[in-house]
Amino acid sequence: MNKRLSQSAYGGVDGNKYVPYVTDKNNKGGNGVIMIMGAILAVIFAASTAYSGMKAGLTVAAGIPGSIIGSGMVGVFAKKKGILGKNLLQGMSSGGESIASGMIYVLPAIIIIGGKVNFISGVAVGALAVLFAIGTASLVQNYLIVEEHGRLVYPESMAISEALVASEAGGDSLKFMGIGFGIGGILTMLTTQVFGWVNSVITYVGSSFYRWKMSTEVNPMLAGIGFVVGLEVALVMFAGSVLSNFAITPLIAYFTQMAGSGAHVWNDAALTVSQMNVDQVAGSYSKYIGAGMMLCGGIIGAVKLIPVIITSVKKTLNAKNSDDSEKNTLGIWALLIGTIAIFVVGFFISGNFLMAIVAGILSLLLALLFVIVSARLAGTIGCSNAPVSGMTIASLVIMTLVFVIFGWTNTEHSEILLLFGVFIVTAISVGGAYAQTQKVNYVIGGNNNEMMKYFMIAAMIGVIVVVGTTVILEPQLRITGSNPPFGMPQANLIATLTSGIMSGNLPWIMIIIGVVMAIVCWMLGLSIMTVALGFYLPMSTTSIILVGALIKLLIERITKDKELKERRVQSGVSLSSGLIAGGSIIGLIGIILHVTGVLGDAAPTGFAGSNEMGLILLVVLVVSMIIPLTGIKKDSKTE
């Protein structure tokens, strides 16, 4: 009889009563071989993500590729450890990669402003961020994962869990995951992520008096995420994009056309306001409204969770010694060490006692706020699409303002500011990845403390690798111009932002408008972060997520029989897990092949590069998702 992940893994039961895939609580997945294999995966994913992220701003979450590669490694080297061993390997893959997915947004900014990255300082700050993030996330872990079971869907966690179970079980789960992997892999290979044979972005731009932009990226990974998260989340997120692309940006663009030749864009003196196209309006102005929304949403979200944090700390402190699942000694120690040591490290970095205290307190408060937000976002949309850079921008705006108030405005002060920014961004990224990993651990039935240890070790390895990679690449990272070897879009934005505040040149009105819009969303009972996310992310991302959610809705509507509907939706989740896995693994391989020069950058031309080609690709994706699911009949047997 083939096993599969139960329907209750997705909700419908009280989190405390959920029965995991592995029910033996005394069984553990770790040993020396698993640790070595996990360390190797952490190094690979941290280095490749750091390299590709600095090259083109692209990162791919490692949980799914890690679970599939890990399954193969366990099958060869540690067969007896089975699914629990595979579970630890996906956790260690995420641990290493999460460092790069955060650190590369801020660490290279030190080089961009003319500073130098010190290896020891970078590692010290990164390591403390890991301890602080894991400690903080562990306090709200029970609430976000167990108490919110079914309400927070954790799309990528469920995809990873499906991948792990499929590797053990075979049967329907593996079949549909294989179909999804094939679809996701093939479509990703055709696009610019790998071979660049066909256009995958459908774009329509209105350039008349009403200036708007509508775009959809035919991305199987995002469509799979849309199917898993469902219509409610996808629609709210898309609403944020509609607000940005069809209301706010055209409104700003309308007034920019009236500007005289003397008015220049705040962050580009060579460009006059009246010459801006839709993308430039969105990038220089609208995006900062999104950052303001996230700032406010993060504050409101964290305030709401204060009672949960207090309860969680009390439960942890009162936990019985015999109950290993409740006791969180490592998490508490990690939090305490991270909290105290940031002041010590801050003093050694700055040489200024007041600066160390002020920056340390601010960093801890902002990191606490956004680690919790990031951990919750992992449950809403997964880590791949979490707005880490948006939360970092919001944090650095506050940090830089405080530095300006204290008169710390020279280049050396900016370097110190950005090192504290490295602490915040690393903590945000690790917080989300840790929550996502522990959700997999909860669903599969792994040991909570064992996963924490293995994840923590992998993250520490990731810190050394990413800081080391940045130091090695420093001469190339300094090169600027029209075609630099490394684009570093996020780091350039953050360097511009902090320098802009230091010099007093920043579109503050946009950030304030974002805060006001977030308050309006809160008053209307909408999810601020989900709306803000849609506002901040490109419409090409949110629209394809919506397509995936609409496919799920279609399957539910055309299937009248309740039992058949459940089977089709569950198989759809397996297929979506395959889409996410295929898209992410082939995408990651493609990025590595591009940045190492094995594949050259190719852009499709003619019909292959047209919107029509993108529409054909979209139809292929939609049909290839629907046909396998509607092919499931009531009388077909499952085990």
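About the criteria used
Along each chain, numbering runs from 1 in the same order as the chain's sequence is written. Given that this is a predicted model, residues contribute local features only at a pLDDT of at least 70 and side-chain atom pairs are listed and counted only at 80 or more, while totals for whole chains, interfaces and linings are drawn from all residues. The side-chain values count all of the structure's non-hydrogen atoms but skip hydrogen atoms and water molecules. Elements are defined by DSSP. Helices are runs of H or I of four residues or more, strands are runs of E of two residues or more, and each kind is numbered from the N terminus. In this setup the radius of gyration rests on C-alpha atoms only. A globule is expected at 2.2 Å times the number of residues raised to 0.38. For every residue, the accessible area (1.4 Å probe, protein chains only) is compared with the maximum for its type, and the residue is labelled buried under 20%, exposed over 50%, or partly exposed between those bounds. We call two residues contacting when some pair of their heavy atoms lies within 4.5 Å. We score Asp and Glu as negative and Lys and Arg as positive, and we do not count His or the chain ends. One atom stands in for each charge, and that atom is NZ of Lys, CZ of Arg, CG of Asp or CD of Glu. Centres within 6.5 Å are what make two rings of Phe, Tyr or Trp a pair, Trp counting through its six-membered ring; a difference in plane orientation under 30 degrees is then read as stacked, over 60 as edge-to-face, and the rest as tilted. A pair of strands counts as paired when DSSP detects no fewer than two bridges linking them. Axis angles are defined between N-to-C directions and span 0 to 180 degrees, where every axis is a line fitted to C-alpha atoms and, for a helix, only to the segment in contact. For any helix crossing, the convention is left-handed if the near helix is rotated counterclockwise from the far helix by under a right angle, and right-handed if that rotation is clockwise. Polar here means any residue other than Ala, Val, Leu, Ile, Met, Phe, Trp, Tyr, Cys and Pro, which are nonpolar, and Asp, Glu, Lys and Arg, which are charged; Gly is therefore polar. Put simply, a salt bridge is a Lys or Arg side-chain nitrogen that is within 4 Å of an Asp or Glu carboxyl oxygen. Cysteine sulfur atoms that come within 2.5 Å of each other are treated as a disulfide pair.

**Let's talk about the overall build of the chain**
And then number 1: Along its length, the chain carries 21 helices and four strands.
And then number 2: Taking 639 residues into account, the globule formula puts the C-alpha radius of gyration at 26 Å, and the chain, at 24 Å, falls close to it.
And then number 3: Along the longest, intermediate and shortest principal axes, the C-alpha atoms of the chain span 75 × 60 × 50 Å.
And then number 4: For the chain, with 639 residues in total, the buried portion stands at 59%.
And then number 5: Partitioning the intrachain contacts of the chain with sequence separation of at least 6 by distance along the chain shows that 85% fall at a separation of at least 24.
And then number 6: Computed over 35 positive and 28 negative side-chain charges, the separation of the two mean positions in the chain equals 5 Å.

**Section: the environment of Ile104**
And then number 1: Residue position: Ile104 is located in the loop between α3 (82–103) and α4 (107–112).
And then number 2: Its relative accessible area of 4% is what places Ile104 among the buried residues.
And then number 3: Spatially, the C-alpha atom of Ile104 lies 6.3 Å from that of Ala50, the residues being 54 residues apart in sequence.

**Here's the deal with the packing of aromatic side chains**
And then number 1: The tally for this structure, following the rule as stated, stands at ten aromatic pairs.
And then number 2: With 5.2 Å between their ring centres and 45 degrees between their planes, Tyr18 and Tyr442 make a pair best called tilted. Placement of Tyr18 in the segment before α1 (32–56) and of Tyr442 in helix α14 (residues 411–444) is noted, with a sequence separation of 424 residues between them.
And then number 3: Taking relative accessible area as the criterion, Tyr18 reaches 8% and is therefore assigned buried.
And then number 4: Residue classification places Tyr442 among the buried residues on the basis of a relative accessible area of 16%.
And then number 5: Ring centres of Phe406 and Trp408 lie 4.7 Å apart, and the angle between their planes is 15 degrees; on these two criteria the pair is classed as stacked.

**A word on the pairing of strand β4 (residues 268–272)**
And then number 1: Two strands pair when backbone bridges link them, and strand β3 (residues 264–265) and β4 are joined in this way by two bridges, in the antiparallel orientation. Paired with Val265 across the two strands is Asp268, which belongs to β4.
And then number 2: Where β3 hands over to β4, the hairpin turn is made up of two residues, counted between the paired strands.

**Topic: the packing of helix α13 (residues 388–405) against α14**
And then number 1: One way to put it is that α13 packs onto α14 with a least axis distance of 10 Å and a crossing angle of 145 degrees. Two packed elements cross with a definite hand, and for α13 against α14 that hand is right-handed. Of α14, the residues touching α13 (which contributes Val388, Met391, Thr392, Ser395, Leu396, Met399, Thr400 and Phe403) are His413, Leu417, Leu418, Phe420, Gly421, Ile424, Val425 and Ile428.
And then number 2: Of the residues contributing to the contact of α13 with α14, the split by class is eleven nonpolar, five polar and no charged.

**A look at the pattern of salt bridges**
And then number 1: Per the stated rule, a full pass over the model turns up five salt bridges.
And then number 2: Glu148 serves as the salt-bridge partner of Arg376, at 3.5 Å between the closest nitrogen and oxygen. Taken together, the residues Arg376 in helix α12 (residues 353–380) and Glu148 in the loop between α5 (119–147) and α6 (155–169) connect sequence positions 228 residues apart.
And then number 3: A relative accessible area of 30% means that Arg376 is categorised as partly exposed.
And then number 4: One network of salt bridges, in which partners are shared, links Lys116, Glu474 and Arg478.

**Regarding the state of the cysteines**
And then number 1: Overall, the coordinates contain zero disulfides when judged by the stated rule.
And then number 2: Between Cys296, a cysteine without a disulfide, and Cys521, which holds the nearest cysteine sulfur, the sulfur-to-sulfur distance is 9.3 Å.
And then number 3: Judged by its relative accessible area of 9%, Cys296 falls in the buried class.

**Structural notes on the packing of helix α11 (residues 329–350) against helix α15 (residues 448–477)**
And then number 1: In contact at an axis separation of 9 Å, α11 and α15 are set at 35 degrees when each is read in the N-to-C sense. Packed against α11, whose contacting residues are Leu330, Gly331 and Ala334, the element α15 presents Met452, Lys453 and Met456 at the interface.
And then number 2: The residue makeup of the contact of α11 with α15, split by class, is four nonpolar, one polar and one charged.

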